[in-house]
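# Descriptive analysis of the structure
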Amino acid sequence: MGKYAVRGWCPTITKPMLSGDGYLVRIYPQLGLLDPEQLRGIAELGIKFGNTKIDLSNRGSLQIRGVNFDVLDDLSKGLKKLKIISDLVQPTSIICSPFWSKSRKYLDLVDNINIALSDIPELPKKYSVAIDLEDRLSLGDLSANIRLEALNSDQYIIRPNKSYRGLLVPLEKAHKLIYQITKWFLNKASPEKIGQTLSSSIFRNESFPNFGFEEVEQKNFSQEVKLGVFNMGVLVGVPFGELDCKTLLDLASLEKNVRVTPWRSFFIKNIKSFSHPNLISNAEDPMVNISACIGKPGCLQANVETRALAQSIAKNEKILSGKKGSFSKGATHIHVSGCSKGCANPSAAKITLVGQENEHFNVVVNGKSTDTPTEYNVGHRSIMNSVEKILSSENGV
């Protein structure tokens with residue numbers, strides 16, 4: 001496995017992260033919702049204080065890239081004026097379904113969970129909770145430590161990630177139960193586990209108590225999410241999760257509220273169609289099947305440039321012709337990673353190309369960037385042939 005540093009925090013305006021192109025400042029809109037004025041404001045701030053590039057993360061947030069340290073205070077004032085950030089420091093990451101129907105229900109839960117978990121000083125910085133109260137669940141592929149989900153139309157379940165067994169809970173008691181389960185595990189865990197970033201499967205091998213709640217099994221499985229017309233609106237993707245501020249201004253010109261999703265896309269409700277040359281609105285676009293981090297020189301830890309190779313793969317008809325994409329990464333997905341950290345796609349892909357210090361790639365088949373490669377040190381001139389060969393053998397060609 002290649003060397004990389006785990007930062008242990010996510011970049012915010014109060015604690016930005018230095019990257020290869022300047023500081024990153026991440027913004028977490030409430031429930032992912034941004035109105036036209038906020039979209040315009042973020043774009044204008046990105047032009048004035050950043051390098052005009054905006055990223056979408058796989059946690060439903062945006063980040064302004066290329067910010068100089070000496071303008072962080074001015075950027076903070078601008079974001080507060082737009083009512084996008086506040087002085088409240090949230091103790092954990094809470095990801096909500098972007099297809100929410102009743103915002104108040106989610107907002108109350110987010111507030112109560114944050115208050116409850118703030119009483120746990122040893123809570124790991126990247127601890128996360130996923131909330132999906134809709135009849136049609138959509139966050140199943142999203143990494144989270146604990147899930148609060150709809151069991152059916154009027155019942156709810158709290159369950160650890162990777163386990164379908166959970167506890168039936170009234171919504172008004174959900175924050176207390178999440179606190180109890182979290183506190184139970186942290187009290188039980190060894191000191192070295194508490195101090196490190198917890199994986200999404202921390203509870204997988206633990207049989208946690210029921211705390212007086214009824215045990216149930218989740219059978220309302222998460223549905224596949226695809227770009228295009230979806231759930232009374234349109235879901236549009238952002239190639240590699242990066243767009244320029246001009247594209248964000250174009251989105252604002254729709255004069256519609258937009259929701260940022262954890263699939264590096266925007267959900268625009270109550271419209272029937274939308275297209276933009278810099279965005280993806282067709283589920284069959286080959287770009288849906290490709291993920292790539294920013295790579296060199298934008299990332300200080302990246303060993304290779306990534307985006308140009310990823311674009312070449314997407315344009316290669318021999319590789320992705322006729323393959324339909326979704327956000328459920330796996331069967332047809334190709335991931336180009338600048339190092340073995342795998343930020344752009346932490347889950348398994350059909351092919352994962354992992355950049356090495358000699359600027360070649362290790363090739364992982366049906367796995368993640370940290371898994372054992374099937375090929376080592378493949379050069380740029382050979383990488384396309386290697387990808388074609390793997391996919392041809394899988395298809396029996």
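Just so you know, these numbers come straight off a predicted model, no measurement behind them. (Residues numbered from 1 in each chain as written. Predicted model: local features only at pLDDT ≥ 70, side-chain atom pairs only at ≥ 80, totals over all residues. Heavy atoms only, no water.)

## Details of the sheet that holds strand β11 (residues 215-217)
One open sheet holds the six strands; their spatial order is β6-β7-β8-β9-β10-β11, and the pairing between them is mixed. Edge strands, defined here as strands with exactly one partner in the open sheet, are β6 (93-96) and β11. Ignoring strand direction, the axes of neighbouring strands in this sheet form an average angle of 30°. The pairing of β6 with strand β7 (residues 128-132) spans four bridges and is parallel. (Pairing = 2+ DSSP bridges. Helix = DSSP H or I, 4+ residues; strand = E, 2+ residues; numbered from the N terminus. Axes fitted to C-alpha atoms, helices over the stretch in contact; angles between N-to-C directions.)

## Section: the sheet that holds strand β15 (residues 258-260)
Paired through backbone hydrogen bonds, the strands of a sheet run either parallel or antiparallel to each other. One open sheet accounts for five strands, arranged β3-β15-β16-β13-β12; its pairing is antiparallel. Of all strands in the sheet, those bounded by a partner on one side alone are β3 (33-34) and β12 (228-229). Judged from the three bridges that link them, β15 and strand β16 (residues 265-269) form a sheet pairing that is antiparallel. Pairing of V260 across the sheet is with F266, part of β16.

## Digging into helix α6 (residues 245-252)
Taken together, the buried positions of α6 are C245, T247, L248, L251 and A252. Angularly, the buried residues of α6 cover 155° about the axis, an arc narrow enough to put them on a single face. Close packing links the buried residues of α6 with α1 (36-49), β4 (53-56), β14 (242-244) and β16. (Buried < 20%, exposed > 50% of the residue type's maximum accessible area, 1.4 Å probe, protein only. Arc of directions from axis to C-beta. Contact = heavy atoms within 4.5 Å.)

## Points about the pairing of β7
Each regular strand displays side chains that alternate between the two surfaces of the sheet. Of all five residues in β7, five are buried; the element is thus mostly enclosed. Alternating positions in β7 separate into two faces, S128, A130 and D132 on one and V129 and I131 on the other, with burial throughout. For the handedness criterion, the β-α-β arrangement of β6, helix α3 (residues 103-117) and β7 is classed as left-handed. Bridge count between β7 and strand β8 (residues 146-150): four bridges; the pairing is parallel. Counterpart to A130 in the pairing with β8 is R147. (Right-handed = clockwise from strand over helix to strand, strands pointing away.)

## With respect to the packing of α3 against helix α4 (residues 174-188)
Each pair of packed helices can be summarised by the angle the axes make with each other and by the distance between the axes. Interhelical geometry of α3 versus α4 gives an angle of 35° and a closest axis separation of 9 Å. Crossing hand, α3 versus α4: right-handed. In this structure, α3 uses L109, N112, I113, A116 and L117 to contact α4, whose residues at the interface are A174, H175, I178, Y179 and T182. Of the residues contributing to the contact of α3 with α4, the split by class is seven nonpolar, three polar and no charged. (Left-handed = near helix turned anticlockwise from the far one by under 90°. Nonpolar A, V, L, I, M, F, W, Y, C, P; charged D, E, K, R; others polar.)

## Comments concerning the pairing of β4
Sheet topology places β4 next to β14; three bridges connect them, and they run antiparallel. For D55, the partnering residue across the bridge sits in β14 and is E242. Here β4 runs beside strand β5 (residues 62-67); their pairing, made up of three bridges, is antiparallel. Bridge pairing in β5 places D55 opposite Q63. Taking the residues that link successive antiparallel strands as the turn, the β4-β5 hairpin has five residues, and the phi of G60 there is positive, at about 75°.

## Considerations on unusual backbone geometry
Leave glycine aside and you will find that most residues have negative phi; peptide bonds, for their part, are mostly trans. P297 follows K296 through a cis peptide bond whose omega is -5°. Looking at the secondary structure, you find P297 in the loop between β17 (290-292) and α7 (307-315). For F240, which is not a glycine, the phi torsion comes out positive at approximately 60°. Following the sequence through the fold, F240 ends up in the loop between β13 (233-237) and β14.

## A short note on the side chain of R159
Its location among the elements puts R159 in strand β9 (residues 156-160). Engagement of the side chain of R159 in a polar contact is seen with the side chain of E149, the distance being 2.8 Å. If we skip the residues at most four places from it in the chain, R159 touches I146, R147, E149, Y164, R165, G166 and Q218. (Polar contact = N/O pair within 3.5 Å; in protein donor to acceptor, adjacent residues only side chain to side chain.)

## Structural notes on the pattern of salt bridges
Taken as a whole, this structure holds 11 salt bridges when the rule is applied. The salt bridge involving D108 is made with R104; its shortest N-O contact spans 3.1 Å. In this pair, D108 and R104 both sit in helix α3, four residues apart, roughly one turn of the helix. Residue D108 is classed as partly exposed on the basis of its relative accessible area of 35%. Two residues, K226 and E224, come together in a salt bridge whose shortest N-O distance is 3.8 Å. Since its relative accessible area comes to 32%, K226 is described here as partly exposed. (Salt bridge = Lys/Arg side-chain N within 4 Å of Asp/Glu carboxyl O.)

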